[in-house]
Amino acid sequence: MTSTTTPPARPAAKASITERVGRHLRGAALTPELIAFVASDRRRRDPFPAYRRLQRWDPIHRSPLGLWVLSRHADVTAALRHPAMSS
């Protein structure tokens, strides 16, 4: 009888510096837009263009102010169901 073993799984590769810088720059570019969204009645009346940009560029956004903005339904649901994120 022979047994086959599978090699241990490799740890996930860390994001390259280019990917990390790109995420940071996208996040930095979106923060002023999010602040304008909160401050502007006109933008709140038609939020969908801002939502689309947020979903495309940075769907899980952490602003320099320490706030998290989740723009996809699946991410919001997962966060609400996670015991550490809600009571």
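I will try to describe carefully the structure that is included in this document. (Residues numbered from 1 in each chain as written. Predicted model: local features only at pLDDT ≥ 70, side-chain atom pairs only at ≥ 80, totals over all residues. Heavy atoms only, no water.)

### Topic: the overall build of the chain
So, step 1. Across its full length, the chain holds four helices and two strands.
So, step 2. Listing every helix and strand of the chain by position from the N terminus yields α-α-α-β-β-α.
So, step 3. Looking at the chain residue by residue over its 87 residues, the buried ones come to 18%.
So, step 4. Contacts spanning at least 24 positions in sequence make up 27% of the contacts within the chain whose residues lie at least 6 apart.
So, step 5. About 7500 Å² of surface is accessible on the chain, with carbon and sulfur atoms providing 61% of the total. (Helix = DSSP H or I, 4+ residues; strand = E, 2+ residues; numbered from the N terminus. Buried < 20%, exposed > 50% of the residue type's maximum accessible area, 1.4 Å probe, protein only. Contact = heavy atoms within 4.5 Å. Areas by Shrake-Rupley, 256 points an atom, 1.4 Å probe, with all protein chains shown as cover.)

### Quick notes on the packing of aromatic side chains
So, step 1. Evaluation of the coordinates by the stated rule reveals one aromatic pair.
So, step 2. A centroid spacing of 6.0 Å and a plane angle of 80° characterise the contact between Phe48 and Tyr51, whose relative ring orientation is edge-to-face. Taken together, the residues span about one helical turn, with Phe48 and Tyr51 both in helix α3 (residues 48–57) at a distance of three residues. (Phe/Tyr/Trp six-rings, centres within 6.5 Å; stacked < 30°, edge-to-face > 60°.)

### Section: the pattern of salt bridges
Should the charged atoms of two oppositely charged side chains come close, the side chains can pair.
So, step 1. Scanning the model with the defined rule gives one salt bridge in all.
So, step 2. Where Arg72 meets Asp75, a salt bridge forms, and the shortest distance between an N and an O atom there is 2.6 Å.
So, step 3. Note on Asp75: relative accessible area 17%, which makes it buried. (Salt bridge = Lys/Arg side-chain N within 4 Å of Asp/Glu carboxyl O.)

### Details of the side chain of Ser71
So, step 1. Structurally, Ser71 can be placed in the loop between β2 (68–70) and α4 (73–81).
So, step 2. Beyond its immediate chain neighbours, meaning those up to four positions away, Ser71 contacts Leu54, Gln55 and Pro59.

### Some remarks on the environment of Pro47
So, step 1. Looking at the element boundaries, Pro47 is found in the loop between α2 (41–45) and α3.
So, step 2. Counting along the chain gives ten residues from Pro47 to Phe37, while the straight-line C-alpha distance between them is 7.7 Å.

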